[in-house]
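Inside the fold
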Amino acid sequence: MAAIRGKPPEYKVRTVEEIKRMISSRPVVAIVSFRNVPASQMQKIRRDFRGKAEIKVVKNTLLERALDALGGDYVKLKDFLGDQIAIITADENPFKLYKMIEDTKVPSPLKPNQVSPVDVVVNAGPTPIPPGPQMAELQAAGLPVAIEKGKVVVKSTTTVVKAGEVAKPEVARALERLEIKPIKIGLDVKAMFDSGVILTPETLAIDTEKVLEDFQMAYQMAINLAVNSAYVTEETAEILTMKAVMDAKNLAINAEIFEKGVMEDLILKAHGEMLSLASLLPEEALDEELKSMLSGITQAQAQATPMVEEKKEEEKPEEEEKEEEEKEEEAIEGLGALFG
């Protein structure tokens, strides 16, 4: 006789309806794993998300029923079920929501016999561990340690666990002693649903600092192109006006056009050319005023390079000593030849 399935419990029906309400009421839905997240951290996440997003821990079977009931593109999310999961619904941009979820992660130590998701490297240098029995624990973990100036130091940078390897108990204890927290614990996004589109972490993980740098570089290149091509916009109008003024001024100075705006520059230019010409003339051809001007220029040049002269003076005695030694050797050789 075939078994007859009874009516599902009321609490399961209510849960499925609640899940359907959450998913259908917001445009963005995230499926996240909360494995290894302690209860205290989960409570903090709920508080931080309050008013920004709604989060609910669900069973895979009940979420699957809710997705089937909703139908359409929601069914695509069934491919990401499994593990200990929760759903997060929000009106936020999915990329902004992803960053919010990533920010829930906090540094955490490796536990004994836990598979490490990353290479764990201990850098060379001093440690917070004083000389004593604890030093043996570091040696048991494969760390090259020694005592220097009363402190335990790691002699060379060492990889104690590679990504995908199990952390041995002695390694986990050593990392805890060194206060190294190589992993981050928090919510892990498995997938997001945004208006019928499935987004995975590979798509959602954007380096915002790199994007900002790219935008700044693109903006600067666009400004340079617009200025060099004399393309007038609200951003380049002031720069182009300043450039036009400078170009006009340079042209007027080089063409020696006597205009009010460049007269002072022309006089300064003429004065400089006059002094350059005067410096080429013999001293008897100069009057006292020109001699005084040229003397002032010479003194300024001398003051600008005192360090170079001091260095040469410091090197001079060494050269003189070397010459004197050579002369003494020549004199000794001459005496030797004279007296056989």
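Coordinates for the structure precede this section.
Since the structure is predicted, the reported quantities are computational estimates derived from the model, not experimental observations. (Residues numbered from 1 in each chain as written. Predicted model: local features only at pLDDT ≥ 70, side-chain atom pairs only at ≥ 80, totals over all residues. Heavy atoms only, no water.)

If you tally the helices and strands in the chain, you get 12 helices and 12 strands. Looking at the chain as a whole, 27% of its 340 residues qualify as buried. Put simply, of all contacts in the chain between residues at least 6 apart along the chain, 72% involve residues at least 24 apart. Here the chain displays about 23,500 Å² of accessible surface, and carbon together with sulfur accounts for 54% of that area. (Helix = DSSP H or I, 4+ residues; strand = E, 2+ residues; numbered from the N terminus. Buried < 20%, exposed > 50% of the residue type's maximum accessible area, 1.4 Å probe, protein only. Contact = heavy atoms within 4.5 Å. Areas by Shrake-Rupley, 256 points an atom, 1.4 Å probe, with all protein chains shown as cover.)

It is worth spelling out helix α9 (residues 237–254) at this point. If you check α9, its first and last C-alpha atoms are 26 Å apart, about what 18 residues at 1.5 Å a residue would give, namely 26 Å. For α9, every residue scored as buried is listed here: Leu 240, Ala 252 and Ile 253. Taken together, the buried residues of α9 touch α8 (208–228) and α10 (263–278). At the C-terminal side of α9, Glu 256 shows a positive phi close to 55°. (Expected span 1.5 Å × (residues − 1).)

In space, the 5 strands of this open sheet follow the order β2-β3-β1-β11-β12, with antiparallel pairing throughout. Single-partner strands in this sheet number two, and they are β2 (53–58) and β12 (197–199). Within the sheet, the average angular offset between the axes of one strand and its neighbour, ignoring direction, is 20°. Two strands pair when backbone bridges link them, and strand β1 (residues 28–33) and strand β11 (residues 188–194) are joined in this way by 6 bridges, in the antiparallel orientation. Across the sheet, the residue bridging to Ile 31 is Ala 191, located in β11. In this fold helix α1 (residues 10–25) packs onto β1, β2 and β3 (85–90), with an angle of close to 150° to the strand it touches most, β2. (Pairing = 2+ DSSP bridges. Axes fitted to C-alpha atoms, helices over the stretch in contact; angles between N-to-C directions.)

Moving on, we come to the side chain of Thr 89. Here Thr 89 lies in strand β3. Owing to a relative accessible area of 0%, Thr 89 belongs among the buried residues under this scheme. Those residues in contact with Thr 89, other than ones at most four positions away along the chain, are Met 22, Ile 23, Arg 26, Val 28, Val 29, Ala 53 and Glu 54.

Another point: the layout of surface pockets. Here the largest pocket defines a volume of roughly 210 Å³. Lining the largest pocket are 13 residues, with Arg 35, Asn 36, Lys 184, Ile 185 and Asp 188 positioned closest to its centre. (1 Å grid on protein atoms, 1.4 Å probe; cavity = no way out; pocket = protein on both sides within 12 Å on 5 of 7 lines; lining within 4 Å. Points joined across faces, edges and corners; volume = space filled by probe spheres on them.)

On the surface, Glu 283, Glu 284, Asp 287, Glu 288 and Glu 289 cluster together to form a negatively charged patch. Within the secondary structure layout, Glu 288 lies in helix α11 (residues 288–304). (Patch = residues over 30% accessible without salt bridge, like charges linked within 9 Å, V, L, I, M, F, W, Y side chains within 5 Å. Salt bridge = Lys/Arg side-chain N within 4 Å of Asp/Glu carboxyl O. Lys, Arg positive; Asp, Glu negative; His and termini not counted. Charge placed at Lys NZ, Arg CZ, Asp CG, Glu CD.)

This part takes up the environment of Lys 184. Take Lys 184: it is sitting in strand β10 (residues 183–185). Taking the C-alpha atoms as reference points, Lys 184 and Val 106, separated by 78 residues in sequence, lie 5.1 Å from one another. With near-sequence residues (within four places) excluded, Lys 184 lies in contact with Lys 105, Val 106 and Pro 107.

Turning our attention to the nonpolar core. Of all hydrophobic cores here, the largest spans 23 residues; its most connected members are Val 32, Ile 88, Leu 97, Ile 101, Leu 187 and Met 192. Listed by contribution, the elements that provide at least two residues to this core are β1, α2 (39–49), β2, β3, α4 (94–102) and β11. The contacts of Ile 101, once residues within four sequence positions are left out, are Ala 30, Val 32, Phe 49, Ile 88, Leu 187, Val 189 and Met 192. Grouped together as the second largest cluster of nonpolar side chains are 19 residues, Val 145, Val 152, Val 154 and Ile 183 included. (Core = buried A, V, L, I, M, F, W, Y, C linked by side-chain atoms within 4.5 Å.)

This part is about the packing of α1 against helix α3 (residues 60–70). Two elements in contact, α1 and α3, have axes separated by 9 Å at closest approach and are oriented at 55°. Considering their axes alone, α1 and α3 lie oblique with respect to each other. In this structure, α1 meets α3 at a crossing whose hand is right-handed. Taken together, the residues of α3 that come into contact with α1 (itself represented by Lys 12, Thr 15, Val 16, Ile 19, Lys 20, Ile 23 and Ser 24) are Leu 62, Leu 63, Arg 65, Ala 66, Leu 67, Ala 69 and Leu 70. Looking at the contact of α1 with α3 residue by residue, the classes come out as 9 nonpolar, 2 polar and 3 charged. (Parallel < 35°, antiparallel > 145°, perpendicular 65-115°, else oblique. Left-handed = near helix turned anticlockwise from the far one by under 90°. Nonpolar A, V, L, I, M, F, W, Y, C, P; charged D, E, K, R; others polar.)

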